[in-house]
Amino acid sequence: MSELQIGLIALGVLFILLVLGFNWWQDHRVRRKMQVHFPGSEQDPLLGDDKPRPQGSTASSPSVMAMRREPGMGSGSNETGVPVADDGDDQQEPDPACEVVIDIRFGAPVRGADLQSALIGFHKAGRKAVRVFAETDTQRHRARLRPDESYVSLQLAVLLANRSGPLTAIEWSQAWSRAQDLSERFEGTMEGPDQQVVLELAARLDDACAALDTQVGLTLSMPAPQPMVQIIGAAQSLGFVADGIRLVWLSEQNQVCFTLLRADGGAMETGTGVTDRLYLLLDVPCSPADPRAFGRMVDVGRDLASRLGADLVDDHGKPLVEGAEASIDERLQVLFQQLDQAGLTAGGDRALRVFA
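Criteria and cut-off values
- Residues numbered from 1 in each chain as written.
- Predicted model: local features only at pLDDT ≥ 70, side-chain atom pairs only at ≥ 80, totals over all residues.
- Heavy atoms only, no water.
- Phe/Tyr/Trp six-rings, centres within 6.5 Å; stacked < 30°, edge-to-face > 60°.
- Helix = DSSP H or I, 4+ residues; strand = E, 2+ residues; numbered from the N terminus.
- Buried < 20%, exposed > 50% of the residue type's maximum accessible area, 1.4 Å probe, protein only.
- Pairing = 2+ DSSP bridges.
- Disulfide = S-S within 2.5 Å.
- Axes fitted to C-alpha atoms, helices over the stretch in contact; angles between N-to-C directions.
- Parallel < 35°, antiparallel > 145°, perpendicular 65-115°, else oblique.
- Left-handed = near helix turned anticlockwise from the far one by under 90°.
- Contact = heavy atoms within 4.5 Å.
- Nonpolar A, V, L, I, M, F, W, Y, C, P; charged D, E, K, R; others polar.
- Arc of directions from axis to C-beta.
- Expected span 1.5 Å × (residues − 1).

Attention now moves to the packing of aromatic side chains. One pass over the structure, following the stated rule, counts 5 aromatic pairs. With a centroid separation of 5.8 Å and 70° between ring planes, the pair formed by F106 and F186 is classed as edge-to-face. Taken together, the positions of F106 in strand β3 (residues 99-111) and F186 in the loop between α3 (169-185) and β10 (188-191) put the pair 80 residues apart, joining distant regions of the chain. The pair F106 / F186 is uniform in exposure class, with both members buried. Feature note: the residues F240, W249 and F258 constitute an aromatic cluster, connected by ring pairs.

Pasting the structure below:
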């Protein structure tokens, strides 16, 4: 082999090494910009409670990004879902057990009105909810933007899973792209977890929720179609109230215990419509724990069936056996306990998010 050939081979090898080195450097730089440090813990994120956290605490999972907090910020969650002032801060925060955060830091304070305009229509990434949090230039935490304030950072909390399934790569990309647009528009920098970490978290949460997702239904079957105005009147006289296209039965704390729906999917509203079949539905993870959760729905269902001249039957179309509700309620108590142990307290904010 001639010296020329040897020299060409050496140059070729050197070129390949340079290319590989350049690619590694680029990958390392991107990962350093995107990756965040996760707090270490042996506790599963789903085994934490659905309770407010003390100030300064972080997520109890090595695989969920904890929101960075600055001195003077409050913490905790509000079970009503409404931001509450606490020494100037809003208490509602991203939930590290079911959300992942993309953090955007602005180069200079940005007016709330400008951020509100830039975020119009951005409430979801695909079929996953996105919540917006922010920090003011006076180090106040906000769960909603206010046009008369200025903000130094923005946090996008992306839901990891719901009844549509786990967060997908496409949905995460949509949220990430929107965050990039905001960062570039307001000359900021952004941080967020690696996509693979996010997808693994989403799949894990989805598996846990799927094992606990239970709905129990009853059917009111009428011998002939009846006017909706008559049906709704009978239902409201028993205590049902309107909630969108459905009627709901509320607890003393105004939480939805169970719902009344038309079997054909139509809206439960007055008009010229008629129907001959209704559904009573107990959505277990979204209903407050109750020793007689099913039994209470049966009692109301029997009363409504009597007023409408309807038969109350189970999912198989068979008349409900007297006393069957007691055994079902016993099984539901186990499920309520499992939900609570998984940090998905039935009827709580977190359960309502992931079982939506």
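Picking up where we left off.
The buried fraction of strand β14 (residues 256-262) is high, at 5 of 7 residues. The pairing of strand β13 (residues 246-250) with β14 spans 4 bridges and is antiparallel. Across the sheet, V248 pairs through a bridge with T259, a residue of β14. Counted between consecutive antiparallel strands, the loop separating β13 from β14 contains 5 residues, among which N254 sits at a positive phi close to 65°. Direction of pairing for β14 relative to strand β15 (residues 274-283): antiparallel, over a ladder of 4 bridges. Each bridged residue has a counterpart across the sheet, and for L260 the counterpart in β15 is L280.

On to the state of the cysteines, then. Note: disulfide means a covalent bond formed between the sulfur atoms of two cysteine side chains. Summed over the entire model, instances satisfying the criterion amount to 0 disulfides. Take C98: it sits in no disulfide, and the sulfur closest to it among the cysteines is that of C209, at 8.3 Å. Residue classification places C98 among the buried residues on the basis of a relative accessible area of 1%.

Bringing the packing of helix α5 (residues 228-237) against helix α6 (residues 293-308) into the picture now. Two measures define how a pair of helices packs: the angle their axes make with one another and the distance between the axes. Running from N to C, α5 and α6 cross one another at 140°; their axes reach a closest spacing of 10 Å. By the angle between their axes, α5 is oblique relative to α6. Two packed elements cross with a definite hand, and for α5 against α6 that hand is right-handed. Residue-level contacts link Q230, I231, A234, A235 and S237 of α5 to L304, R307 and L308 of α6. When its residues are assigned to classes, the contact of α5 with α6 shows 5 nonpolar, 2 polar and 1 charged.

This part covers α5. When α5 is considered as a whole, its buried residues turn out to be M228, I231, I232, A234 and A235. Seen end-on, α5 carries its buried residues on one side only, within an arc spanning 160°. Contacts from the buried residues of α5 go to β11 (215-227), β13, β14, β15 and α6. Remark: G239 follows α5 within two positions and exhibits a positive phi of approximately 120°.

Reading across from one edge, β12-β13-β14-β15-β11-β16 is the order of the 6 strands in this open sheet, with antiparallel pairing throughout. Either end of the sheet is taken by a strand with one partner, and the two such strands are β12 (241-243) and β16 (311-313). Neighbour to neighbour, the strand axes of the sheet diverge by 30° on average, direction disregarded. Looking at chain direction, β12 and β13 are connected through 3 bridges and run antiparallel. Bridged to D243 within β13 is R246. Here α6 sits on the sheet and contacts β11, β13, β14, β15 and β16; the angle it forms with β11, its principal contact strand, is near 5°.

What follows concerns α6. An α-helical turn contains 3.6 residues, so any two residues separated by three or four positions project in the same direction. In this model α6 runs 23 Å from its N-terminal to its C-terminal C-alpha over 16 residues, within 8% of the 22 Å that 1.5 Å per residue would give. Every buried residue belonging to α6 is among A293, F294, G295, M297, V298, V300, G301, L304, A305 and L308, and all of these are buried. Looking at the residues trailing α6, positive phi occurs at G309, about 65°.

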